[in-house]
Amino acid sequence: MLKQLLAPQFVGIYVIAACTMYVHFRGREPLRVGRQLGDHSTLLAPYNVLMYAGSAVPNEPVISVDRFPELARLQDNWETIRDEAVKLFDEGFIRAAATNNDWGFYSFFKSGWKRFYLKWYDDFLPSARALCPKTVELLNSIPSVHGAMFALLPPGGKLGAHRDPFAGSLRYHLGLITPNSDKCRILVDGVECVWRDGQAFMFDETFIHSAENATDQTRIILFCDVERPMKYAPLTAINRYVSHHIVKASATQNVDGEHVGVLNKVFGWLYEIHLAGRRVKQWNRKVYYALKYALTLAVLGLIVASALS
């Protein structure tokens, strides 16, 4: 019996469960238990715990930008970046995804949030190179910036409490066009950060955070994913490999014809299944939940059966 309980399938479940518990109770503001079980941070919990353990910066919600002196160049040139963002906004390029091919941010679009990708885990988008070359040149000079975009939050816009899935990066926000008001802010594990023109802050997006623009003005920022510094070279190598070969697969497009990563292609297919499930739920909730739980039990049954065989 002990041998069966220590089968690789069960050991994997134990590791995921322990890491999920750590992720869930990390910080002051956990998700609801039911939501945590279905959250993408549960799937990545073992990897994220490894990143937390080897992090060379404090495991805190908000981290001083001074720890990243290479980013000062962005803040020093914020007006140049702002001018290119304004042009993109005026021409309608900062917008929601046209189709279901932006898994990482699809839930934000309901609130009016919009974006224009500049770079996604090493690759600059052709539209970014053509439309905002000065910003691309600045970002290209900072290798630690793995992903970047312009992000818009409209007047009255809100992003509900959530945690991002990947702890291999930290999130940098630089205010470009903001209301310069305490009513336009983000809360990271209860710590308030306010967007202001030309000012930047850094936070760990794997803590629970929410955002709001309770003003009558649009907010546009430069939004960057910055490589998390690690204490040990092997962990740096692992993190870069995952970033460049897995996270990169979540790339999407600003305009038709640009590359869409395999994760977003799969998301598009899965989202169609999700929509079909919603139609079943609207038709008959009992049938919907019966199918949902039957599928969950079938998957768990297959795992247990393979461990006991």
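Residues numbered from 1 in each chain as written. Predicted model: local features only at pLDDT ≥ 70, side-chain atom pairs only at ≥ 80, totals over all residues. Heavy atoms only, no water.

Visitor: Help me out: how do you make sense of helix α10 (residues 233-245) in this one?
Guide: Because each turn of an α-helix spans 3.6 residues, side chains separated by three or four positions end up pointing in the same direction. Here α10 is 13 residues long and its end C-alpha atoms lie 18 Å apart, about the 18 Å a rise of 1.5 Å per residue gives. Residues of α10 that are buried: L235, T236, N239, V242 and S243. What you see down the axis of α10 is that its buried residues fit within an arc of 130°, all on one side. Among the exposed residues of α10, those oriented more than 90 degrees off its buried face are A233, P234, Y241 and H245. Looking at the buried positions of α10, the neighbouring elements they touch are α5 (45-54), β4 (145-153) and β11 (219-227). (Helix = DSSP H or I, 4+ residues; strand = E, 2+ residues; numbered from the N terminus. Expected span 1.5 Å × (residues − 1). Buried < 20%, exposed > 50% of the residue type's maximum accessible area, 1.4 Å probe, protein only. Arc of directions from axis to C-beta. Contact = heavy atoms within 4.5 Å.)

Visitor: So what exactly am I meant to see when it comes to the packing of aromatic side chains here?
Guide: For any pair of aromatic rings, geometry is given as the distance between the ring centres together with the angle between the planes. For the coordinates displayed, the defined rule picks out 13 aromatic pairs. For the pair F93 and F116, a centre-to-centre distance of 6.5 Å together with 80° between the ring planes defines the contact as edge-to-face. In this pair, F93 is assigned in the loop between α7 (78-90) and β2 (114-120) and F116 in strand β2, connecting sequence segments 23 residues apart. Assessed through its relative accessible area of 0%, F116 is described here as buried. With a centroid separation of 5.2 Å and an interplanar angle of 25°, the aromatic rings of F105 and W113 are classed as stacked. (Phe/Tyr/Trp six-rings, centres within 6.5 Å; stacked < 30°, edge-to-face > 60°.)

Visitor: Before we go on, may I ask you to explain the sheet that holds β11 in this structure?
Guide: Consider a sheet: its strands pair through backbone hydrogen bonds, and that pairing is either parallel or antiparallel. Overall, antiparallel pairing links the seven strands, which are arranged β1-β9-β6-β11-β4-β2-β3 in an open sheet. Both edges of this open sheet fall to β1 (62-63) and β3 (123-124), since each of them pairs with a single strand only. Here eight bridges tie strand β6 (residues 169-177) to β11, and the two strands are oriented antiparallel to one another. Bridge assignment links Y172 to a residue of β11, and that residue is C224. (Pairing = 2+ DSSP bridges.)

Visitor: Would you mind going over the pattern of salt bridges with me for this structure?
Guide: Oppositely charged side chains can form a pair if their charged atoms are brought close together. Counted by the stated rule, this structure contains 14 salt bridges. Residue E205 is joined to R171 by a salt bridge in which the shortest nitrogen-to-oxygen separation is 3.5 Å. Taken together, the residues E205 in the loop between β9 (200-203) and β10 (209-213) and R171 in strand β6 connect sequence positions 34 residues apart. Taking relative accessible area as the criterion, E205 reaches 1% and is therefore assigned buried. With relative accessibility at 5%, the residue R171 sits in the buried group. Across the salt bridge formed by E227 and R240, the nearest N and O atoms sit 3.0 Å from each other. (Salt bridge = Lys/Arg side-chain N within 4 Å of Asp/Glu carboxyl O.)

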